[in-house]
Amino acid sequence: ATLNQRVSAIRRFVVEAANRNLLSLGEAVGICRVRNVRQTAAPSATSLSRQKSEELINAPDGQTTKGMRDRVLLALLVGCALRRREAVNLDVEDIQYESGRAVLIRVVGQRGRIRSVAIPDWIEEAIARWLSVAQIKSGPLLRAVSRLGTIASSRLSPQTVFNTVQEYGKRIGVVVRPHDLRRTCAKLCCPNDAGLDQIRVLLGHASLATTARYLSGRQNVSTAAS
């Protein structure tokens, strides 16, 4: 839309130049024939209800290593409003305790902005269980798990996060993407008297205007076609 707006301004400029004999008619016509950039429909912004959020987080099998890891992943996306790349880049060392509360002290967001995010108790418990079973003491927090349950030393990829969220979304009957879970977290913060600036800090936005646009016009999804 921005490019098309600028192209339109150039056309008006060219027409005025041709009217003032500063540009030949043939050149003006050629420039004005440049087409607008074709716009494609953007996916609608959605968010899950509290009930559906709980169903999504509980969808993985908590008795398997992969299921425990996936629960931690989904919990971090919903409860800490992390982007998928932020989640996969977390290390165990990024979890510190401040005043007795677990905190992600180094979440690297867009354009290298770094923020800290408090970890809710229920997510801390899920992380502790995962680290204990996986015997992870340092390095990447979220790691690849083979079909046999073997835990690798490598990080999850952002694409794996995307596929994982979609897979469990289908299990509970919703169409959901990782970024929708950030919106879900922001939405669930609103009824709890969280101020707009607090939500901005949680999401890692640079301005309140971005957060306001982010929260406006959201669609609350409790069910969706699979």
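Residues numbered from 1 in each chain as written. Predicted model: local features only at pLDDT ≥ 70, side-chain atom pairs only at ≥ 80, totals over all residues. Heavy atoms only, no water.

Another aspect to go through is the pairing of strand β3 (residues 101-108). With 4 bridges joining them, strand β2 (residues 95-98) and β3 adopt antiparallel strand pairing. Bridge pairing in β3 places glutamine 96 opposite valine 103. Remark: 2 residues form the turn of the hairpin made by β2 and β3, two consecutive strands paired antiparallel; serine 99 in that turn has positive phi of roughly 55°. Note that β3 and strand β4 (residues 114-118) share 4 bridges and pair antiparallel. Bridging from a neighbouring strand, valine 103 pairs with alanine 118 of β4. (Pairing = 2+ DSSP bridges. Helix = DSSP H or I, 4+ residues; strand = E, 2+ residues; numbered from the N terminus.)

Under the criterion given, the structure shown has 10 salt bridges. For aspartate 91, the salt bridge goes to arginine 155, with nearest N and O atoms at 2.7 Å. With aspartate 91 in the loop between α5 (84-88) and β2 and arginine 155 in strand β6 (residues 151-155), this residue pair connects regions lying 64 residues apart in the sequence. For aspartate 91, a relative accessible area of 21% puts it in the partly exposed group. Ionic contacts of the salt-bridge type, sharing partners, join the residues Lys66, Arg69 and Asp70 into one network. (Salt bridge = Lys/Arg side-chain N within 4 Å of Asp/Glu carboxyl O. Buried < 20%, exposed > 50% of the residue type's maximum accessible area, 1.4 Å probe, protein only.)

Leu76, Leu82, Leu104, Ile127, Trp130, Leu141 and Leu181 are the most contacted members of the largest nonpolar core, which totals 49 residues. Looking at this core, the element that brings in the most residues is helix α4 (residues 65-79), giving 8 residues. Setting aside chain neighbours within four positions, we find leucine 104 in contact with Leu76, Cys80, Leu82, Leu90, Asp94, Ile95, Arg115, Ser116, Val117 and Ile119. (Core = buried A, V, L, I, M, F, W, Y, C linked by side-chain atoms within 4.5 Å. Contact = heavy atoms within 4.5 Å.)

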